[in-house]
Amino acid sequence: MPESGGLLKQELFSLTIPQVGGGEDIFATIRWSQKLLYDNGQFSVEVPFRFPQFVNPLPKVFMKKEKIQLTVNSGVSKEVVLQGTSHPLKEKSRKGDKLSFLHEAAVENWSTKDFTFTYTVYSGDLSGGVLVQPSTLRDYDDRDMFCLFLLPGNNLDRKVFRKAVVYIVDTSGSMQGKPLESVKNALSTALSDLTQGDFFNIIAFNDELHSFSSCLEQVNDKTIENAIEWMNLNFVAQGGTDIMHPLSEAMTLLSNSHDALPQIYLITDGSVDDERNICHTVKTQLMSKGPKSPRISTFGLGSYCNNYFLRMLASIGKGHYAAAFDTGSIEDRMVQWFQKASNTIVSNISIDAIKHIQDFEVDSEYIPDVSAKYPLCVSGRYHGKLPETLIAKGHLADMSEISIELKVHHVKDIPLDKVLARQQMDLLTAKAWLLENKELERKVVKLSIQNSLPSEYTRMVLLQTSLDKIDPAQQAKNKPTKKSSPDEQSAMPLRGLTLGFGDVMATRENLTTGFGDIKPPEKFEIFDKAVGCCSRVADCFCCMCFIKACSKMNDQCAIVMAQACAALACLGCFECCSELCCGGAN
């Protein structure tokens, strides 16, 4: 790491700020975007807000202020109800679909807990809306942008479709250990969530296929128990990866789905050579089956699988895509994925916008079904003028038709282009990969540059520059100029920010390190130890004691001691604590 640079990891960003004088104020502004969580009708946001002990100024010496300002723009005219918050927020204003909250107080120590906020949008039935934003001069597409969303509502009596499900699980050699064990646990949970009237089967695949049954089994306590026992015996990691064969077998099994909604769940950690052919073949087969075609949902594990292939396959199959990039998150993310895809309450969604305007395009291949557990959100582009309301139509579990009125909101204070940029880039990248289309690749590049987001066709670089020192009297007249000599300007490429298109060779060799569990370079070892189990001990034991001791010396002595011993003390205490507490583990 450069002396005054930064360190970027999956869940850690550290930036060194050099040459800070005593008494100076330091302001840091951090911007990022993240998805709202949704569970049992509640939206929630969680923001890291935990300050380590060593960044706190000494008590009773420096006054500390803590301020949190939160604005909620729900995008709907329904009632928004606050359900809970980690910090004492006070509601300041409520205007239509926008709410404002504030927390401001003098505190002895900055917060030691993350910030959480939970709210619900009250609606007794299915509801939704359409957010619209005009294109900008810098936009990659001159069409206006829309975001259509449907909320499942609070109607607990809404009937869920009966299901005919085939679970396809990769049991190749690379799945050995924790990944396959986590998949088995998540699948056991999914099986226990099936209800009377559902049908299911399980296919384990590597070089060969191993099926739980030769046909779809009806759900009851005995068949579920037998299926779990079968998994314990047959989920053995060995052999290679062949995806088309189990998909074809699942299609055959679902040719008689007993008037239930057919669903396929594909779980894999590998890439194969014929992925484009798989997408084209599956699309042709699904189109021939019409509205009752199987829904295909996909789940990728690690970085060796082609996540864009899995995303495109799910888009073609009107299903849901999800992924886990570290072994610790597999089970939780997979359970959420199962719940989202399996609780369908409205199928075959269509929007009547086509009769109002001719150029109405959804980013995904098809609009997924509406789940009772999660909102549906699709984006796209259009030319022309939308009416004040659009109608979304679909079919309920009893095959009756439902129409949902969606009010069109022309938004100004929601940066819709920023909010949707990541989703649009991923879907465009999947299309560009499938069609090998250079024009779509150029669109992704434009989106990437426009929104400062890394993509598969661009690279992000951290550039450090030095500013010329300017006489204070001239500062108001002259702008700082950047030095460009090699000694004073350095660029550090930020790697590991994109998914890639899988690794067929690693899949063939059954490599098992395709997760984010790889040991970082040796020069970053101190940060791994600092965020491990010893970090909080070190916060209040080694380094903090050293700082407090220095605070009781006179200024000259403290400066000399700090300059002479700070680096050695910090490095030494982390190394010592790591060896004693963690046994040297990173």
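Residues numbered from 1 in each chain as written. Predicted model: local features only at pLDDT ≥ 70, side-chain atom pairs only at ≥ 80, totals over all residues. Heavy atoms only, no water.

**Student:** Explain the pairing of strand E4 (residues 42-47) to me, and be specific about the residues and the numbers.
**Tutor:** Relative to E4, strand E3 (residues 37-39) runs antiparallel, the two being bridged by three bridges. Its bridge partner lying in E4, Tyr38 is registered against Phe43. Once E3 ends, the chain turns through two residues before running back antiparallel as E4, passing Asn40 with a positive phi of about 50°. As paired strands, E4 and strand E9 (residues 115-121) are joined by six bridges and run antiparallel to one another. By the bridge assignment for E9, Glu46 is matched with Thr116. (Pairing = 2+ DSSP bridges. Helix = DSSP H or I, 4+ residues; strand = E, 2+ residues; numbered from the N terminus.)

**Student:** Kindly report on the packing of helix H7 (residues 416-435) against helix H8 (residues 438-451), identifying the contributing residues and their values.
**Tutor:** Axis separation between H7 and H8 bottoms out at 9 Å; the angle between their running directions is 155°. Put simply, H7 runs roughly antiparallel to H8. Considering only the axes of H7 and H8, their crossing is left-handed. Across from Asp417, Lys418, Ala421, Gln424, Met425, Leu428, Thr429, Lys431, Ala432 and Leu435 in H7, the residues of H8 making contact are Leu440, Glu441, Lys443, Val444, Leu447, Ser448, Gln450 and Asn451. (Axes fitted to C-alpha atoms, helices over the stretch in contact; angles between N-to-C directions. Parallel < 35°, antiparallel > 145°, perpendicular 65-115°, else oblique. Left-handed = near helix turned anticlockwise from the far one by under 90°. Contact = heavy atoms within 4.5 Å.)

**Student:** Got a sec to walk through a nonpolar patch on the surface? Specific residues and values, please.
**Tutor:** Together, Ile17, Val20 and Ile26 make up an exposed nonpolar region whose accessible area comes to about 260 Å². Take Ile17: it is sitting in the loop between strand E2 (13-15) and E3. (Patch = residues over 30% accessible without salt bridge, like charges linked within 9 Å, V, L, I, M, F, W, Y side chains within 5 Å. Areas by Shrake-Rupley, 256 points an atom, 1.4 Å probe, with all protein chains shown as cover. Salt bridge = Lys/Arg side-chain N within 4 Å of Asp/Glu carboxyl O.)

**Student:** Break down the packing of aromatic side chains for me, with residues and values.
**Tutor:** Pairs of aromatic rings are described using the distance from one ring centre to the other and the angle between the two planes. This structure, assessed with the given rule, holds 19 aromatic pairs. Between Phe146 and Phe360, the ring centres sit 4.5 Å apart and the planes meet at 15°, which makes this aromatic pair stacked. Pair noted here: Phe146 is in strand E11 (residues 144-151) and Phe360 is in strand E20 (residues 360-362), with a separation of 214 residues, a long-range link. Judged on exposure class, the residue Phe146 and its partner Phe360 are both buried. An aromatic cluster of at least three residues, connected via ring pairs, comprises Tyr38, Phe43, Phe101, Phe117, Tyr119 and Tyr374. One residue, Lys340, lies across the ring of Tyr374, its end atom 5.8 Å from the ring centre. (Phe/Tyr/Trp six-rings, centres within 6.5 Å; stacked < 30°, edge-to-face > 60°. Buried < 20%, exposed > 50% of the residue type's maximum accessible area, 1.4 Å probe, protein only. Lys NZ or Arg CZ within 6 Å of the ring centre and 35° of its normal.)

**Student:** I'd like a description of empty space enclosed by the protein, backed by residues and values.
**Tutor:** One pass over the structure, following the stated rule, counts six cavities of 30 Å³ or more. Estimated volume of the largest cavity: approximately 60 Å³. The wall of the largest cavity is formed by Gln263, Ile264, Tyr265, Arg295, Ser297, Lys318, Gly319, His320, Ala341, Thr344 and Asp369. Residue classes in the lining of the largest cavity are distributed as three nonpolar, five polar and three charged. (1 Å grid on protein atoms, 1.4 Å probe; cavity = no way out; pocket = protein on both sides within 12 Å on 5 of 7 lines; lining within 4 Å. Points joined across faces, edges and corners; volume = space filled by probe spheres on them. Nonpolar A, V, L, I, M, F, W, Y, C, P; charged D, E, K, R; others polar.)

**Student:** Provide a residue-level description of helix H2 (residues 221-234), including the pertinent values.
**Tutor:** When the terminal C-alpha atoms of H2 are compared, their 20 Å separation across 14 residues agrees well with the 20 Å that a helix rising 1.5 Å per residue should span. Among the residues making up H2, those that are buried are Thr223, Ile224, Ala227, Trp230 and Met231. Each buried residue of H2 lies within a common arc of 120° when the element is viewed along its axis, so the set occupies one face. Exposed residues on H2 whose side chains face more than 90 degrees from its buried face are Asp221, Lys222 and Leu233. The backbone nitrogen of Lys222 has a side-chain oxygen 3.0 Å away, supplied by the residue at the start of H2, namely Asn220. (Expected span 1.5 Å × (residues − 1). Arc of directions from axis to C-beta. Polar contact = N/O pair within 3.5 Å; in protein donor to acceptor, adjacent residues only side chain to side chain.)

**Student:** Summarise the confidence of the model for the protein chain; cite the residues concerned and give the values.
**Tutor:** In the predicted model, the protein chain carries a mean pLDDT of 79, and the fraction of residues at 70 or more is 77%. Contacts for the low-pLDDT stretch residues 517-548, under 50 throughout, to residues beyond four places or in other chains number 53 contacts. In the predicted structure, residues 566-586 sits below a pLDDT of 50 and forms 27 contacts with residues beyond four places in sequence or in another chain. (pLDDT = per-residue confidence, 0-100.)

**Student:** If you had to explain the sheet that holds strand E6 (residues 80-85) to someone new, which residues and values would you point to?
**Tutor:** If you trace the four strands from one edge of the open sheet to the other, you get E3-E4-E9-E6, paired in antiparallel fashion. On the outer flanks of this sheet lie E3 and E6, each paired with one strand and no other. Each strand of the sheet is rotated relative to its neighbour by a mean of 25°, with strand direction disregarded.

**Student:** Give a description of the sheet that holds strand E24 (residues 401-410) that names residues and reports values.
**Tutor:** Taken in spatial order, the eight strands line up as E20-E22-E11-E10-E24-E23-E19-E21 in an open sheet, and their pairing is mixed. Among the strands making up the open sheet, the edge pair consists of E20 and strand E21 (370-371). Pairing analysis gives three bridges linking E20 to strand E22 (residues 376-382), with the strands arranged antiparallel. Bridge pairing in E22 places Phe360 opposite Tyr382. H7 contacts strand E10 (127-133), E11, E20 and E22 of the sheet and is inclined by roughly 95° relative to E11.

**Student:** Tell me about the side chain of Thr458, and name the residues and values.
**Tutor:** Among the structural elements, Thr458 can be located in the loop between H8 and strand E25 (461-464). Classification of Thr458 as buried rests on a relative accessible area of 13%. At a separation of 2.8 Å, a polar atom in the side chain of Thr458 contacts the side chain of Ser448. Side-chain polar atoms of Thr458 contact the side chain of Ser455, separated by 2.7 Å. Excluding residues that lie within four positions of it along the chain, Thr458 makes contacts with Val445, Ser448 and Leu453.

**Student:** Explain the environment of Leu36 to me, and be specific about the residues and the numbers.
**Tutor:** Of note, Leu36 is situated in the loop between E2 and E3. C-alpha of Leu36 to C-alpha of Glu46: the two residues are 10 residues apart in sequence and 8.4 Å apart in space. In contact with Leu36, not counting residues within four places along its chain, are Phe43, Ser44, Val45 and Tyr119.

**Student:** Which residues make up the packing of helix H3 (residues 244-253) against helix H4 (residues 275-289), and what values go with them?
**Tutor:** Interhelical geometry of H3 versus H4 gives an angle of 5° and a closest axis separation of 11 Å. On the basis of the axis angle, H3 is roughly parallel to H4. Contacts between H3 and H4 involve Met244, Leu247 and Met251 on the former and, on the latter, Ile278, Thr281, Val282, Gln285, Leu286 and Lys289.

**Student:** Please set out the pattern of salt bridges residue by residue, giving values where relevant.
**Tutor:** Counted according to the given criterion, the structure contains 13 salt bridges. Between Arg143 and Asp141 there is a salt bridge, with the nearest N and O atoms lying 2.8 Å from each other. A single burial state applies to Arg143 and to Asp141, both of which are buried. Glu365 is paired through a salt bridge with Lys283; the nearest N and O atoms lie 3.2 Å apart. With Glu365 in the loop between E20 and E21 and Lys283 in helix H4, this pair connects stretches of sequence that are 82 residues apart. Linked by salt bridges that have partners in common, Asp141, Arg143, Asp359 and Glu361 make up one network.

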